[in-house]
Amino acid sequence: MSRIETIYPADRVSLREVGLRDGLQLVKKFPSTEAKQRWVREEYAAGVRHFEVGSFLPARTFPQFVDVRDVVATVASLPAAHGIALALNERGVNEALDSGVGEIASVISATEEHSQANAHRSRDSAIANIKRLCEMRDASAHRPLVNAAISMALGCSITGAVSPAEVLRLVDKCLEAGVDFVAIADTVGYAGPKQVAELTRAAVKLSGSKPICIHLHDTRGMGIANASAALDEGARILDGSLGGLGGCPFAPGATGNVVFEDLVFLCESKGFATGIDLDQLIAVRKILREEMPNEQLYGGLARAGLPGGRTAKAA
């Protein structure tokens, strides 16, 4: 069995909690290192195994990730836990490799306009960057997984509608560059279930034996419906953030990622075992309320509790 099959088994759903990275992009106050470590450990105790832990970006610009190595080490200390971190250039990749993180993520924009506005480089340059990342992975001692996320894949904050054919072309280019898998990101929450289903189906077919990850935002309230559509079309890796934390700097009014707790409930209700205890998971929200009291937390499950009269431990 290959390493990716061990970490992301094809016969089950893998849910990645991205609150520690994507969830902290826009917060005004962020948790202490000790609180982040408790966040990881308590989610792990609840059954979570995949954690996006931060970014290897300049600490001057992104101080919320200055302790990313500490969080990487915390995840690495937990049996069968898997850490993911973002790196966008060669300096960041070298730091990520040195940290021993289990997976490095990079990003390419679905549209040329967004690529230039967001990263000040062309999509061809972004593909070359991903290819270089894969070469550095191959030359490294521990060979982390590499994934490439295609941002704005279901609608762009600059150009609006995005051609599915263009997204699939980029999926193919990323696979050709050597990534272990591709993530399809509805970065600004444009899409509905039909669009997500069609693109997921095509991406899964194109990707063959490699998995497809679906990364959704809940800007327009479609996050859980879109996740359900993606599951129906063969996606087996999905992202969400605790309490729905997050948001995109290029989407005014965005309410963050799909709520991780609700995503777990969706999967269980559709017959996909997650191994995650929902009561324990919801209780972890206490850390967010203590550390970031002014951040709004979302989630239907935390608000209403589990069916059958059970009450969530923390709202």
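Scroll up to find the structure this text is about.
Within every chain, residues take consecutive numbers counted from 1 along the sequence as written. With the structure being a predicted model, the display of local features is reserved for residues of pLDDT at least 70 and the display and counting of side-chain atom pairs for 80 or more, all residues being used for whole-chain, interface and lining totals. Values reported for side chains reflect all heavy atoms of the structure, with hydrogen atoms and water molecules removed beforehand.

Here the focus is unusual backbone geometry. One non-glycine residue with positive phi stands out, namely H120, at about 55°. Segments assigned H or I by DSSP are reported as helices when at least four residues long, segments assigned E as strands when at least two residues long, and all are numbered from the N terminus. Note that H120 resides in the loop between α5 (112-119) and α6 (123-139). Each residue gets one of three labels from its accessible area relative to the maximum for its type: buried under 20%, exposed over 50%, partly exposed in between, using a 1.4 Å probe on protein chains only. Since its relative accessible area comes to 66%, H120 is described here as exposed. Despite not being glycine, M152 shows a phi value in the positive range, around 60°. Examined against the element boundaries, M152 turns out to sit in the loop between β5 (145-151) and α7 (164-177).

So, about the packing of helix α9 (residues 223-232) against helix α10 (residues 260-269). As a rule, the C-alpha atoms of each element are fitted with a line to give its axis, helices using only the stretch in contact, and angles between N-to-C directions run from 0 to 180 degrees. Remark: α9 packs on α10, axes separated minimally by 10 Å, with the N-to-C direction vectors making an angle of 40°. When the axis of α9 is compared with that of α10, the two are oblique. Of the two elements, α9 crosses α10, and the hand of that crossing is right-handed. Where α9 abuts α10, its residues I224, A227, S228 and L231 lie against D262, L263, L266 and C267. Tallied by class, residues from the contact of α9 with α10 come to six nonpolar, one polar and one charged. Angles are sorted into four bins: roughly parallel if under 35 degrees, roughly antiparallel if over 145, roughly perpendicular if 65 to 115, and oblique for all others. A crossing counts as left-handed when the near helix is turned anticlockwise from the far one by less than a right angle, and as right-handed when that turn is clockwise. Any pair of residues with heavy atoms lying within 4.5 Å of one another is described as a contacting pair. The classification used treats Ala, Val, Leu, Ile, Met, Phe, Trp, Tyr, Cys and Pro as nonpolar, Asp, Glu, Lys and Arg as charged, and all other residues, Gly among them, as polar.

Our next topic: helix α4 (residues 90-99). All of the buried residues along α4 are G92, V93, A96, L97 and S99. Down the axis of α4, the buried side of the element spans an arc of 160°, and every buried residue falls inside it. Those residues of α4 hidden inside the fold are in contact with α3 (68-76), β4 (103-109) and α6. Any pair of N or O atoms that falls within 3.5 Å is considered a polar contact. Within protein, one atom must be able to donate a hydrogen and the other to accept it, and sequence-neighbouring residues count only if both atoms are side-chain atoms. A distance of 3.3 Å separates the backbone nitrogen of R91 from a side-chain oxygen at the start of α4, and that oxygen is part of N89. Downstream of α4 by one or two residues, G100 has phi in the positive range, about 80°. The directions considered for the arc are those from the helix axis to the C-beta atoms.

To continue, consider the environment of E42. Along the chain, the position of E42 falls in helix α2 (residues 33-46). Owing to a relative accessible area of 35%, E42 belongs among the partly exposed residues under this scheme. With 245 residues separating them in the primary sequence, E42 and I287 have C-alpha atoms 9.6 Å apart. When near neighbours in sequence (up to four residues on either side) are disregarded, E42 contacts V284 and I287.

Further remarks concern the side chain of D239. Positionally, D239 belongs in strand β8 (residues 237-240). Residue classification places D239 among the buried residues on the basis of a relative accessible area of 3%. At a separation of 2.8 Å, a polar atom in the side chain of D239 contacts the side chain of H215. Apart from residues lying up to four places away in sequence, D239 is in contact with R16, V18, C213, I214, H215, V258 and L263.

So, on to the packing of aromatic side chains. Each aromatic pair joins two rings of Phe, Tyr and Trp (for Trp, the six-membered one) with centres within 6.5 Å, and gets the label stacked for planes under 30 degrees apart, edge-to-face for over 60, and tilted for any other angle. Per the stated rule, a full pass over the model turns up one aromatic pair. By definition, being over a ring means that NZ of Lys or CZ of Arg is both within 6 Å of the ring centre and within 35 degrees of the ring normal. A cation sits over an aromatic face here: R49 above Y44, 3.8 Å from the ring centre.

This brings us to the pattern of salt bridges. One speaks of a salt bridge when a side-chain nitrogen belonging to Lys or Arg is within 4 Å of a carboxyl oxygen belonging to Asp or Glu. Applying the stated rule across the entire model yields 20 salt bridges. Residue R38 pairs with E34 through a salt bridge whose shortest N-O separation is 3.0 Å. Placement of both R38 and E34 in helix α2 is noted, with a separation of four residues, approximately one turn of the helix. R69 is the salt-bridge partner of D98, the closest N and O atoms lying 3.2 Å from each other. A residue pair is termed long-range when its members are at least 10 positions apart, and D98 in helix α4 and R69 in helix α3 qualify at 29 residues. Several salt bridges share partner residues, and in doing so they unite E112, R123, E166 and R169 into one network.

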